[in-house]
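A closer look at the structure
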Amino acid sequence: DAGITQSPRHKVTETGTPVTLRCHQTENHRYMYWYRQDPGHGLRLIHYSYGVKDTDKGEVSDGYSVSRSKTEDFLLTLESATSSQTSVYFCAISEVGDRSSYEQYFGPGTRLTVT
Amino acid sequence: GIQVEQSPPDLILQEGANSTLRCNFSDSVNNLQWFHQNPWGQLINLFYIPSGTKQNGRLSATTVATERYSLLYISSSQTTDSGVYFCAVLSGSARQLTFGSGTQLTVLP
């Protein structure tokens, strides 16, 4: 157990509504990540954070924003949800290990459906 | 960016059989991880193995970094081994993993 929780675990929302997903860690790791998983695409990085208030975009960042005001929490916001954002969202954490390993550990996932 | 290819895409085994899953990558890597995604969707860390060989029970993994591939061995497979196996790499200055498309393993009783 890597000490990562995600909330909510399941959510159904309507097109055009804002949605915020939360990732919480108890490991005090510096790096946190948001990925989405879709059939045929594997896992793709949305945004990541390398410290409090330090974030950067990933491969599929359009339509998403993030915030990290505390080490333990990383929030992913869909400002106006669209059906193309129906997906399973995973949070991950890592710390710089030996030889800059950045070994990552994943949370349980959030299944989001946009109708 | 770096490309990660996994083979085979699908594999069906009888319980007790052995299998080898392969991951090829297109550039040098700082990090290579193998994950098992179980039927409930959880991503479970199997190995962190940018080079060399590691073993954990019935599973072992080998990465030959100079030839840009990694192998995951599953011996005496069990039905609980079913799921998708992902290889993921971290290359260059990147801090995020690039995932392969996975191998869907089904172990029949």
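We now examine the state of the cysteines. All told, the structure shown has 2 disulfides over all chains when counted by the stated rule. Residue pairing for cysteine 23 of chain A: its cysteine sulfur links by disulfide to cysteine 91 of chain A, the two sulfurs lying 1.9 Å apart. Across the disulfide from cysteine 23 of chain A to cysteine 91 of chain A, rotation about the S-S bond amounts to roughly -70°, and the bridge is consequently left-handed. Pair noted here: cysteine 23 of chain A is in strand 3 (residues 19-25) and cysteine 91 of chain A is in strand 9 (residues 87-94), with a separation of 68 residues, a long-range link. Owing to a relative accessible area of 0%, cysteine 23 of chain A belongs among the buried residues under this scheme. When its relative accessible area of 0% is taken as the criterion, cysteine 91 of chain A is described as buried. One disulfide bridge connects cysteine 23 of chain B with cysteine 87 of chain B, the sulfur atoms lying 2.0 Å from each other. The S-S bond linking cysteine 23 of chain B to cysteine 87 of chain B shows a torsion near -55°; that makes this disulfide left-handed. Here cysteine 23 of chain B, found in strand 3 (residues 19-25), pairs with cysteine 87 of chain B, found in strand 9 (residues 83-90); they are 64 residues apart in sequence, far enough to count as distant. Among the residues examined, cysteine 23 of chain B registers a relative accessible area of 0% and is labelled buried.

Residue and element names in this part refer to chain A. Residue position: leucine 21 is located in strand 3. Looking at leucine 21, the relative accessible area reads 0%, which means it is buried. As a C-alpha pair, leucine 21 and glutamine 6 span 15 residues in sequence and 7.4 Å in three-dimensional space. In this structure leucine 21 touches Ser7, Pro8, Trp34, Phe74, Leu75, Leu76, Tyr89 and Thr110, once residues within four positions along its chain are discounted.

Conventions used here
- Residue numbers here run from 1 along each chain, matching the order of that chain's written sequence.
- Labels follow written order: the first chain is A, the first ligand is 1, and so on.
- In view of the model being predicted, local features appear only for residues whose pLDDT reaches at least 70, and side-chain atom pairs are presented and counted only at 80 or more, with totals across whole chains, interfaces and linings using the full set of residues.
- With hydrogens and water set aside, each side-chain value is computed from the structure's full complement of heavy atoms.
- A pair of sulfur atoms, both from cysteines and within 2.5 Å, is called a disulfide here.
- Under the DSSP-based scheme used, a helix requires at least four consecutive residues in state H or I and a strand at least two consecutive residues in state E, with every element numbered from the N terminus.
- Relative accessibility decides the category of a residue: with a 1.4 Å probe and only protein chains considered, values under 20% of the type maximum give buried, values over 50% give exposed, and everything between is partly exposed.
- Residues count as neighbours in contact if any of their non-hydrogen atoms are within 4.5 Å of one another.

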